[in-house]
Amino acid sequence: MQNKQNTTSGFKKDEILISFIITFYNLPVSMLCECVESIIAIDLPENEREIIVIDDGSDYSPEESLKRYNNNIIYIKQDNGGLSSARNKGLSVCKGEYVQFVDADDKIISSNYSECIRILKRNPGTGILLFKLTTENAKQPRGYIQKTKNGSEYLAKHNLRASACGYIFRRIEPGNLTFTAGILHEDEEFTPLLFSMATNIIEYDCECYFYRKRNESITHKSDKQHVHKRLNDIEGIITRLNSYAEAKGINHGIKRRVSQLCMDYIYNIMTLTGSYKELEKRISRLKEHGLFPIATTKYTWKYLIFSYLTRYKLCRVIMCHIFKS
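As a convention, each chain's residues are numbered from 1 in the sequence order in which they are written. Predicted model: local features are reported for residues with pLDDT of at least 70 only, side-chain atom pairs are reported and counted for 80 or more only, and whole-chain, interface and lining totals are derived from all residues. Excluding hydrogens and water, the side-chain values take into account all heavy atoms of the structure.

J.: If you had to explain the packing of aromatic side chains to someone new, which residues and values would you point to?
T.: Ring pairs shown here join Phe, Tyr and Trp side chains whose ring centres sit within 6.5 Å, with only the six-membered ring taken for Trp; geometry is labelled stacked below 30 degrees between planes, edge-to-face above 60, and tilted in between. Here the structure, examined in full by the defined rule, presents 13 aromatic pairs. Summarising the aromatic geometry, the rings of Phe24 and Tyr60 are spaced 6.3 Å apart at their centres and angled 75 degrees between planes, so their arrangement reads as edge-to-face. Note that Phe24 is positioned in strand E2 (residues 18–24) and Tyr60 in the loop between strand E3 (49–56) and helix H2 (63–66), a separation of 36 residues in sequence. Each residue is placed in one exposure class: buried if its accessible area under a 1.4 Å probe, protein chains only, is under 20% of its type's maximum, exposed if it is over 50%, and partly exposed if it falls in between. Judged by its relative accessible area of 1%, Phe24 is buried. Think of it this way: any DSSP run of H or I at least four residues long counts as a helix, any run of E at least two long counts as a strand, and we number them from the N terminus.

J.: Tell me about the environment of Ile40, and name the residues and values.
T.: Note on placement: Ile40 falls in helix H1 (residues 29–40). Between the alpha carbons of Ile40 and Cys94 there is a distance of 17 Å; along the sequence they are 54 residues apart. We call two residues in contact whenever any of their non-hydrogen atoms come within 4.5 Å of each other. In this structure Ile40 touches Arg49, Ile51 and Tyr69, once residues within four positions along its chain are discounted.

J.: Which residues make up unusual backbone geometry, and what values do they have?
T.: Pro293 follows Phe292 through a cis peptide bond whose omega is 0 degrees. Inspection of the secondary structure assignment puts Pro293 in the loop between helix H9 (276–288) and helix H10 (301–309). For His185, which is not a glycine, the phi torsion comes out positive at approximately 60 degrees. For His185, the location among the structural elements is in the loop between strand E9 (167–170) and helix H6 (187–197). Looking at His185, the relative accessible area reads 18%, which means it is buried. Although it is not a glycine, Asn200 adopts a positive phi angle of roughly 60 degrees. Tracing the backbone through its elements, the reader meets Asn200 in strand E10 (residues 199–210). Residue classification places Asn200 among the partly exposed residues on the basis of a relative accessible area of 37%.

J.: Before we move on, could you go through the pattern of salt bridges and cite the residues and values that matter?
T.: When a carboxyl oxygen of Asp or Glu is within 4 Å of a side-chain nitrogen of Lys or Arg, the pair counts as a salt bridge. In this structure the tally under the stated criterion is 23 salt bridges. Measuring nitrogen to oxygen at the nearest pair gives 2.9 Å for the salt bridge that ties Arg240 to Glu189. Of this pair, Arg240 sits in helix H7 (residues 224–247) while Glu189 sits in helix H6; the two residues are 51 residues apart in sequence, bridging distant segments of the chain. On the basis of relative accessible area, Arg240 is assigned to the partly exposed category, the value being 34%.

J.: Kindly report on the side chain of Ser259, identifying the contributing residues and their values.
T.: Checked against the element boundaries, Ser259 lands in helix H8 (residues 252–273). In contact with Ser259, other than residues within four places in its own chain, are Ala295, Tyr299 and Tyr303.

J.: I'd love a proper account of the nonpolar core, names of residues and values included.
T.: The criterion is simple. A nonpolar core is a set of buried Ala, Val, Leu, Ile, Met, Phe, Trp, Tyr and Cys residues joined through side-chain atoms within 4.5 Å. Membership of the largest hydrophobic core comes to 94 residues, with the highest contact counts inside it found for Ile22, Tyr113, Phe169 and Phe190. The biggest single contributor to this core is H8, with nine residues. When neighbours within four sequence positions are excluded, Ile22 is seen to be in contact with Leu32, Cys35, Val36, Ile39, Ile51, Ile52, Val53, Ile54, Val102 and Ala104.

J.: Can you tell me about the pairing of strand E5 (residues 98–103), naming the residues and giving the values?
T.: The buried count for E5 comes to six of six residues, which makes it a mostly enclosed element. The side-chain alternation of E5 yields two buried faces, one formed by Tyr98, Gln100 and Val102 and the other by Val99, Phe101 and Asp103. Pairing between E2 and E5: six bridges, direction parallel. Within E5, the position partnered with Ile21 by the bridge is Phe101. A pair of strands is considered paired only if DSSP assigns at least 2 bridges between the two.

If you want it as structure tokens, here you go:
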């Protein structure tokens, strides 16, 4: 095993098709090993893969357990900085033509994912290859593939699945795009920006990634301080994405994503706080950025109905009351 502290790997770039970046923090080591083994089981020659484990300052080290995989693992220990910091570290050292993020408590569905490898090799100009995530037993591949010329076009026509683990993407040169450190829901910002820069999107209708639901995850925390941080971080993501769209001119894909994030944000204010006062305070800040009322565009029926309802104060009062009770 290669133990590297703030250094880069020794792999040759031309030999590596995909860098698998695994982020680990205070999880059972058995989960990490299961994750690593699911990657090793993919139909991909050893010299075409790079497995990087970023230990984000765990209280204990999984290094000894990783030695069973000989020199197949690059292990990097860093001070605790959060998921964004760990992923950014992985991006800064990886050498693969493509990148796949994997959370240490999840795993790759090896048999289905192997087809993703074949798709990439048949389509060498691919910028992003999307697939499905599942929390249950994976279904057999349907074999349906949809191609889109560029990421902006994809964003404009589809509801985005933001999880950074849900796609393989062409490696980004250092400094071109990173995760914002210290925030929750960092994928909601990173993924739209990545898509807006990408060309040749392929969507593969197949479950290739097993996502493990855990009660300890951030989405299950409900204390007041955590709720306010969660809402503040989403608000920051929305305003930064909107500023990006405006700086680049009219970008319909990013604008659609901003509108849908606004819908989710308003819904979460009502469900997580149940406070009309809090809702109006946060809506007033959206107004300052020209983000409210949200656009009445038929992205989905759910979005369209919600956009009309939230335009009226009485509807907002009733909705807050319903969610509070």
